[in-house]
Amino acid sequence: MKKILSLLAAFGVMFYISSCSDDDDPAVDNGVTISGIPATATVENLGTLGPVSATVEGADGLVSLVITKDDAALETVDLTGSTTASYEFSYTAVAEDEDTNIVFTFTATDVDGDTDVVTHVLSVGEAEEPVETPIVIVRGEIEENTTWTADKIYQLDTRVTVPDGITLTIEAGTVVKGNEGQGAAATALLVARGGTLNANGTAALPIIFTSTLDPIDPADIAAGNYASTTSETQSGLWGGVIILGKAPITGKNLTTDEENQTELQIEGIPTSDPNGLYGGDDENDNSGTISYISIRHGGTNIGSGNEINGLTLGGVGAGTTISNVEVVANADDGIEFFGGSVSVDGAVIWNSFDDSMDTDMDYNGSVTNFIIVTPNTGSAFELDGPEGSVTRGEDHIFSEGVIYGGADIDAIVDWDGNTNASLNNLYFFGIEAGRIDSFGGVGTNANSNTSNWETDLADNSGGFFTGAESVLTFGVAVGSKSHGPTAADFAWTWAGNSGALEALGL
């Protein structure tokens, strides 16, 4: 060795050893790395892996991250221009993945062609059996205080009655379904005089009354899916909800023509059933509390062209609390009041096939904060006064409402000189048909307290509001209306949850 070094020195060659940093020598390979991907994971069939956050680093500059599933290309992520990148990866197993192992490979490449490969094995379990909600069949009279819970579906197989002295409580998020049937086989929930219904849903967990043909389930409600997959125009698939009380009425016996009746049998319930009687002398009678309920697809025919209303209130007293009610696609009226003095705060009536709001027999309560959408051939309001010479001397009041008319509406407001009603602070829009039946015009009859109407129509050239011009402001756009709720106020309803109200500009 000494001899070799001597020879090199003799030829003037200098030999030395030096160390260089990566930054000083561009020929040094920095490589590329992937981190954050676990080697294994397990999900149930139809379950989801991730998201898993992967970090890719390459000091020389990255090019791509290529992901394969069982050696087949799944995804390529362009990382050009980065030296560090993060990526979230997730995968939802499908039916054919059941009871298998899926191999994913993650290959990162930098500008020098360097690669790093990470393998992940996902074990997919067997498919979970779907959990079916138990169905409870209910028939006839409820014999003791009862609670219906949100972990079951309650199926009405006949007319189900809450009789005098009995309380039915329905928990938030519960679904009640009525069987198909007409005439004597029509299904309905009837709360008799002296019976109590406490059906208190919430904005997050409304109570749904619908048809057995509607697949909606309490799990849908719990997940925030309040819209049915059935058509919003399907009507008459079952009956409806009927509440009867002991508050005063001024009625007429349709069989004998006797007027000034204080007690009558509600339409649709045979006279042989005393649970169908309503009316009395207790203005503050209490039939319970109802809030955040949606009644859908009702109004089955119970005989001679007579259909059940979505919500029937016969002689219901002011001690009863009703708020936030939706009625969708009812073959008869949305809500009908037969006398009584109960008030309703918050209502949506969508696609009624007769009148949306109907009052009879000297009703003396109020309805506030409501939306009426597209009555099908019926009227937005059919408002009648007392039947006979006796009157209780008070108006019933509708206020802070929004009415969308559409092309099929019959009358916008159907009332006459005997109507003891005041309609205040209302907004009418989308009016393509209909009329005001006011028999002399607003302000010249019993409707003298009506005030503050707005409409998006530029003028009354169509004659829709003839007789109501004195209380009407024309040319008010939906976004500039002064009165009534918006779609956000009824996000819990089918109409709101489906986007139908928002589509109208509300």
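To keep things clear, this report deals only with the structure shown in the data block. This one's a predicted model, so the numbers in the text were calculated from it and none came from an experiment.

1. Quick word on the overall build of the protein
- Along the backbone of the protein there are four helices and 34 strands.
- Its C-alpha atoms give the protein a radius of gyration of 35 Å, clearly above 23 Å, the size a compact globule of 506 residues would have.
- Counting only C-alpha atoms, the protein reaches 140 × 55 × 35 Å along its principal axes.
- Within the protein, the fraction of its 506 residues that count as buried is 50%.
- Pairs at least 24 residues apart make up 67% of the contacts formed inside the protein by residues separated by at least 6 positions.
- Surface exposure of the protein reaches about 21600 Å², of which carbon and sulfur atoms provide 48%.

2. Description of the environment of Glu-259
- Examined against the element boundaries, Glu-259 turns out to sit in the loop between β18 (241-244) and β19 (264-265).
- On the basis of relative accessibility, which here comes to 43%, the residue Glu-259 falls in the partly exposed class.
- C-alpha separation for the pair Glu-259 and Asp-408, spaced 149 residues apart in sequence, amounts to 34 Å.
- Once residues within four sequence positions are removed from consideration, Glu-259 is found in contact with Gly-251, Lys-252, Glu-387, Gly-388 and Ser-389.

3. Brief notes about the nonpolar core
- Grouped together as the largest cluster of nonpolar side chains are 63 residues, with contacts concentrated most on Phe-381 and Trp-453.
- No other element matches strand β31 (residues 421-431), which puts five residues into this core.
- Ile-37, Leu-62, Ala-108 and Leu-122 belong to the second-largest nonpolar core, a separate cluster that totals 26 residues.

4. Thoughts on the side chain of Asp-332
- Checked against the element boundaries, Asp-332 lands in the loop between β23 (321-328) and β24 (335-338).
- Here Asp-332 is buried and forms no salt bridge, its nearest opposite-charge partner Arg-435 lying at an N-O distance of 15 Å.

5. Some words on the sheet that holds strand β2 (residues 40-45)
- Taking strand neighbours across the sheet as the criterion, the five strands line up as β2-β8-β7-β4-β5 in an open arrangement whose pairing is mixed. The sheet terminates laterally at β2 and β5 (72-78), the two strands that pair on one side only. Within the sheet, the average angular offset between the axes of one strand and its neighbour, ignoring direction, is 20°.
- Pairing between β2 and strand β8 (residues 115-127): five bridges, direction parallel. Residue pairing in the sheet places Val-43 in a bridge with Val-124 of β8.

6. Here we look at the environment of Val-103
- Looking at where Val-103 falls in the secondary structure, it is placed in strand β7 (residues 100-110).
- Given a relative accessible area of 33%, Val-103 falls into the partly exposed group.
- Along the chain, Val-103 and Gly-183 lie 80 residues apart, while their C-alpha atoms are 62 Å from each other.
- Leaving out residues up to four positions away in the same chain, Val-103 has contacts with Thr-68, Lys-69, Asp-70, Thr-119, His-120 and Val-121.

7. Regarding the pattern of salt bridges
- Counting across every chain of the model gives seven salt bridges.
- Put simply, Asp-273 and Arg-159 hold a salt bridge, and the shortest N to O gap is 3.1 Å. Of this pair, Asp-273 sits in the loop between β19 and β20 (277-278) while Arg-159 sits in strand β12 (residues 159-162); the two residues are 114 residues apart in sequence, bridging distant segments of the chain.
- Residue classification places Asp-273 among the buried positions, given a relative accessible area of 13%.
- Look at Arg-159 and you get partly exposed, because its relative accessible area is 23%.
- In this structure, Asp-437 and Arg-435 form a salt bridge, with 2.7 Å as the shortest nitrogen-oxygen distance.
- Relative accessible area serves as the criterion here: at 16%, Asp-437 is assigned to the buried category.
- Connected via shared salt-bridge partners are Asp-410, Arg-435 and Asp-437.

8. Looking at the sheet that holds β18
- Taken together, nine strands build an open sheet; the order of strands is β12-β15-β18-β22-β24-β26-β28-β30-β32 and the sheet is parallel. Where the open sheet ends on each side, the last strands, each with one partner, are β12 and β32 (436-437).
- As paired strands, strand β30 (residues 413-414) and β32 are joined by two bridges and run parallel to one another. For Val-413, the partnering residue across the bridge sits in β32 and is Ile-436.

9. Thoughts on the packing of aromatic side chains
- Taken as a whole and assessed by the stated rule, the structure comprises 16 aromatic pairs.
- Residues Phe-428 and Trp-453 carry aromatic rings whose centres are separated by 5.0 Å and whose planes lie at 55° to one another, so their mutual orientation is tilted. Of this pair, Phe-428 sits in strand β31 while Trp-453 sits in strand β33 (residues 451-455), and the two are 25 residues apart along the sequence. For the residue pair Phe-428 and Trp-453, the accessibility class agrees, reading buried in each case.
- Judged by centre distance (6.5 Å) and plane angle (70°), the ring pair of Trp-453 and Phe-465 falls under edge-to-face. With a gap of 12 residues between them, Trp-453 in strand β33 and Phe-465 in the loop between β33 and β34 (472-473) connect regions that are remote in the sequence. Residues Trp-453 and Phe-465 agree in their burial class; the two are buried.
- Ring pairing ties together the aromatic residues Phe-89, Tyr-91, Phe-104 and Phe-106, which thus form one cluster.

10. Structural notes on unusual backbone geometry
- Look at the link from Gly-50 to Pro-51: it is a cis peptide, with omega at 5°.
- With respect to the helices and strands, Pro-51 occurs in strand β3 (residues 48-57).
- Even without being glycine, Asn-260 reaches a positive phi, approximately 60°.
- Tracing the backbone shows Asn-260 in the loop between β18 and β19.

11. Brief notes about the pairing of strand β22 (residues 311-314)
- Side-chain alternation along β22 places Leu-311 and Leu-313 on one buried face and Thr-312 and Gly-314 on a second face that is also buried.
- Of the pairings in the sheet, the one linking β18 to β22 comprises four bridges and is parallel in character. In the sheet register, Ile-242 faces β22, and the bridge partner there is Thr-312.
- The pairing of β22 with β24 spans four bridges and is parallel. When the sheet's bridge partners are listed, Gly-314 is paired in β24 with Phe-338.

Cut-offs and rules
- Residues numbered from 1 in each chain as written.
- Predicted model: local features only at pLDDT ≥ 70, side-chain atom pairs only at ≥ 80, totals over all residues.
- Heavy atoms only, no water.
- Helix = DSSP H or I, 4+ residues; strand = E, 2+ residues; numbered from the N terminus.
- Rg over C-alpha atoms; globule rule 2.2 N^0.38 Å.
- Buried < 20%, exposed > 50% of the residue type's maximum accessible area, 1.4 Å probe, protein only.
- Contact = heavy atoms within 4.5 Å.
- Areas by Shrake-Rupley, 256 points an atom, 1.4 Å probe, with all protein chains shown as cover.
- Core = buried A, V, L, I, M, F, W, Y, C linked by side-chain atoms within 4.5 Å.
- Lys, Arg positive; Asp, Glu negative; His and termini not counted.
- Salt bridge = Lys/Arg side-chain N within 4 Å of Asp/Glu carboxyl O.
- Pairing = 2+ DSSP bridges.
- Axes fitted to C-alpha atoms, helices over the stretch in contact; angles between N-to-C directions.
- Phe/Tyr/Trp six-rings, centres within 6.5 Å; stacked < 30°, edge-to-face > 60°.

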